[in-house]
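Notes for the structure review
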Amino acid sequence: MNILYCCPFDTSIPTGKNRATRHKIEALKEIGDAVTIIVPGKVGRRLSRVFTGVICELRCILAIVIKNKKIDYYISRGDVGLFSVPLAKAFGILTMREIHCGPFEELTLLKKPKPVKLYLKLVFYYSFIVNKMSDVRIYNNPMLKEHFVKEGWGNENDIVSYNGGSPDAVVSISKESAMKKYSLNSNVKYLVFVGSTSKWRGVDLLIDLQKEFDKNNDNIKIICAGGKVTKEMDPDGIVINVAPLDDIGCAELIKCADACLLPVADNRVSPGSPLKLYDYMINGRPIIGQQKMPGYSDEIKRYDVGITVDFYDSSEARNLIVEFIEGAEALKLYSKNAENSFDDYNWVSRVKDWFIYGSQSA
């Protein structure tokens, strides 16, 4: 199996989609016979995103022209592919496209200057055209696939593949040492959220949840560490905000958690696939996620690693959580399940599914 993979952003950055893409590349190299990777190099990382996309596209075209008889799959994402995808198809190469959100929907949620939003709109439109022309689309959530198929932009043979976990999310520090490092009280129960504070992550729901804990005099505190919780979100500063932390710092705070939180706002076509779910799991922490939400509740249930609640009903969520974290034996079982199921949710396992389903879709 020979693979050409391209994305136009820097995969050396240790967080978010950059880190996840690097893990996918490592997994592709493990399962493929010959894998050609095209991402911005050291020079490209210093250039504007406008130029990195153009350079990566030109490199893809060149690779396809030179190696077309040695390429079985061409996988791309982002603002590349407008010319390289149809070229690959002409050479009989199966083209696959990663899709992580609906077209244009994030623009309304981003606080960016108008010129930046205009540029992003052009990038999203470019990407949308390539999404449609590719042979197979790889969605990170079944809700996203459902939307694309309904709108006539995809088909039923497209792939749904969640994100995965990587051992680099694990730190060797003990819970006691981590608690001491971050000056946390051993008599308090801590619920940790290390996802970003983007509007689609639902951090405002955690503010309401903490208010319920405080109102009922629960000895429970929520820690947010994936980004800055603004005054607009939390005017009274009632949650602990330790941010910004890098991936190592976030992993250390996960070690401090009695349980980890996975809220999500209902403001997009698809909630995506939360990378932090798998960071929580590989660190052996029980999880509290949003109920009835594909990519969240189904994975928690599948691996039996925690409970689901409705974060939009903070009073009922508080009742369920208090009962949950008081069950010491159950928490241990959930933690054990999270660690033991790694072979089922690691990146190699996830990426293998692309080609099982992709070959059936061709």
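As the structure is a computational prediction, the values presented were derived from the model and not from experiment.

Let us look at the pairing of strand S3 (residues 73-76). Burial of the side chains of S3 extends over both faces: Tyr73 and Ile75 are buried on one face and Tyr74 and Ser76 on the other. In this structure, strand S1 (residues 2-6) lies alongside S3, joined through four bridges in parallel fashion. Bridging from a neighbouring strand, cysteine 6 pairs with serine 76 of S3. Alignment of S3 against strand S4 (residues 94-99), held across four bridges, turns out to be parallel. Bridging across to S4, tyrosine 74 finds its partner in threonine 95.

Here we come to unusual backbone geometry. Of note, the phi angle at lysine 292 is positive, near 50°, even though the residue is not glycine. Positionally, lysine 292 belongs in the loop between strand S11 (287-290) and helix H10 (297-303). For aspartate 304, which is not glycine, the phi dihedral falls at a positive 55°. Topologically, aspartate 304 is positioned in the loop between H10 and strand S12 (306-309).

What holds strands together in a sheet is hydrogen bonding between their backbones, with the strands either parallel or antiparallel. Sheet architecture is open: six strands sit in the order S2-S1-S3-S4-S5-S6, paired in parallel fashion. The sheet is open, and its two borders are formed by strand S2 (34-38) and strand S6 (159-160), each paired with just one other strand. With two bridges connecting them, strand S5 (residues 136-139) and S6 associate as parallel partners. Residue isoleucine 138 lies in a different strand from S6, and its bridge partner there is isoleucine 159. Running at roughly 155° to S2, helix H2 (residues 49-67) makes contact with S1, S2 and S3 of the sheet.

We now examine the environment of tyrosine 73. One can find tyrosine 73 in strand S3. Considering only alpha carbons, one finds tyrosine 73 and alanine 34, 39 residues apart in sequence, at a separation of 11 Å.

How each quantity is defined
Residues numbered from 1 in each chain as written. Predicted model: local features only at pLDDT ≥ 70, side-chain atom pairs only at ≥ 80, totals over all residues. Heavy atoms only, no water. Buried < 20%, exposed > 50% of the residue type's maximum accessible area, 1.4 Å probe, protein only. Helix = DSSP H or I, 4+ residues; strand = E, 2+ residues; numbered from the N terminus. Pairing = 2+ DSSP bridges. Contact = heavy atoms within 4.5 Å. Axes fitted to C-alpha atoms, helices over the stretch in contact; angles between N-to-C directions.

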